[in-house]
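Listed below, chain by chain, are the residues.
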Amino acid sequence: MTRECNNSMLRRASRMLGQVYDDALAPSGLRATQFGLLAQIDIMREPALRELAAEMVMDLSALGHTLKPLIRDGYVALVPDKKDRRVKHVTLTKAGRKKLEQTSKLWADAQRRFEKTFGDKRAADLRAVLEELSSEDFRKAFTGGS
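Residues numbered from 1 in each chain as written. Predicted model: local features only at pLDDT ≥ 70, side-chain atom pairs only at ≥ 80, totals over all residues. Heavy atoms only, no water.

(A) Here's a closer look at the overall build of the chain. Helix and strand counts for the chain come out as seven helices and two strands. Going residue by residue from the N terminus, the α and β elements of the chain occur as α-α-α-α-β-β-α-α-α. Based on the C-alpha atoms only, the size of the chain along its principal axes is roughly 50 × 40 × 25 Å. Within the chain, buried positions represent 25% of all 146 residues. Put simply, of all contacts in the chain between residues at least 6 apart along the chain, 48% involve residues at least 24 apart. In the structure as shown, the chain presents an accessible area of about 10,600 Å², 55% of it carried by carbon and sulfur atoms. Taking the average place of the 27 positive charges on the side chains of the chain and the average place of its 20 negative ones, the gap between the two points comes to 5 Å. (Helix = DSSP H or I, 4+ residues; strand = E, 2+ residues; numbered from the N terminus. Buried < 20%, exposed > 50% of the residue type's maximum accessible area, 1.4 Å probe, protein only. Contact = heavy atoms within 4.5 Å. Areas by Shrake-Rupley, 256 points an atom, 1.4 Å probe, with all protein chains shown as cover. Lys, Arg positive; Asp, Glu negative; His and termini not counted. Charge placed at Lys NZ, Arg CZ, Asp CG, Glu CD.)

Okay, here's the thing in structure tokens:
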């Protein structure tokens with residue numbers, strides 16, 4: 001049954017790929033999820049917590065749990081919004097930018113190895129399918145519009 005279940009197989013593949021990328025990034029001291037957050041924060045330029053959670057398809061408590069070690073290690077900081085102090089923005093610190101730059105080299109090597117092993121075209125196709133599956137449009141279609 002689990003090999004016929006799309007959700008089970010996707011989660012299984014996600015765990016395996018996460019382990020492979022964690023191993024590749026291990027020399028940096030970051031896990032793949034942490035690197036992904038640093039990269040997304042950099043792309044979004046000081047996003048609000050809610051915006052970052054939505055982009056990462058995470059709930060706020062899971063995001064907070066993942067951010068804690070990055071805050072502790074001085075890679076990110078939470079900064080109150082200038083207009084609404086209840087809103088917190090996530091920003092990369094100087095140490096966070098340096099860590100992102102260092103870890104990006106390990107990530108790029110992992111990406112190259114993945115694409116060599118899986119195939120460039122298949123990897124691009126996979127990313128396109130995963131982008132669609134993680135979209136709000138897919139959620140709405142799956143749930144009947146709710």
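(B) The arrangement of the nonpolar core in detail. Formed by 16 residues in total, the largest nonpolar core has its most connected members in Leu-38, Ile-41, Leu-67, Leu-70 and Val-76. Every element with two or more residues in this core is listed here: helix H2 (32–44), helix H3 (49–56), helix H4 (60–72) and strand E2 (88–92). No other element matches H2, which puts four residues into this core. (Core = buried A, V, L, I, M, F, W, Y, C linked by side-chain atoms within 4.5 Å.)

(C) Structural view of a nonpolar patch on the surface. A contiguous nonpolar patch, built from Leu-10, Leu-126, Val-129, Leu-130, Leu-133, Phe-138 and Phe-142 and spanning about 600 Å² of accessible area, is present on the exposed surface. Counting only elements with at least two residues in the nonpolar patch, the list comes to helix H6 (120–133) and helix H7 (136–143). At four residues, H6 tops the list of elements feeding residues into the nonpolar patch. Relative to the elements of secondary structure, Leu-10 occurs in helix H1 (residues 6–25). (Patch = residues over 30% accessible without salt bridge, like charges linked within 9 Å, V, L, I, M, F, W, Y side chains within 5 Å. Salt bridge = Lys/Arg side-chain N within 4 Å of Asp/Glu carboxyl O.)

(D) Local environment of the pattern of salt bridges. For the structure on display, the rule yields ten salt bridges. We note a salt bridge from Arg-112 to Asp-109, for which the minimum N-O separation is 4.0 Å. In this pair, Arg-112 and Asp-109 both sit in helix H5 (residues 94–118), three residues apart, roughly one turn of the helix. In this structure Arg-112 comes out as exposed when scored by relative accessible area, which is 53%. Three or more residues are tied together by salt bridges with common partners; here these are Asp-42, Arg-45 and Arg-97.

(E) Region of interest: the UniProt feature "domain: HTH marR-type" (unreviewed entry) in the chain. On the UniProt side, "domain: HTH marR-type" (unreviewed entry) is annotated at positions that read residues 3–135 here. Between the end C-alpha atoms of residues 3–135 there is a gap of 24 Å, over a span that is 70% helix and 8% strand. (UniProt positions renumbered as here; feature names shortened; annotations may be inferred.)

(F) Broad picture of the side chain of Ser-28. With respect to the helices, strands and loops of the structure, Ser-28 is situated in the loop between H1 and H2. Residues in contact with Ser-28, not counting those within four places in the same chain, are Lys-99, Thr-103 and Leu-106.

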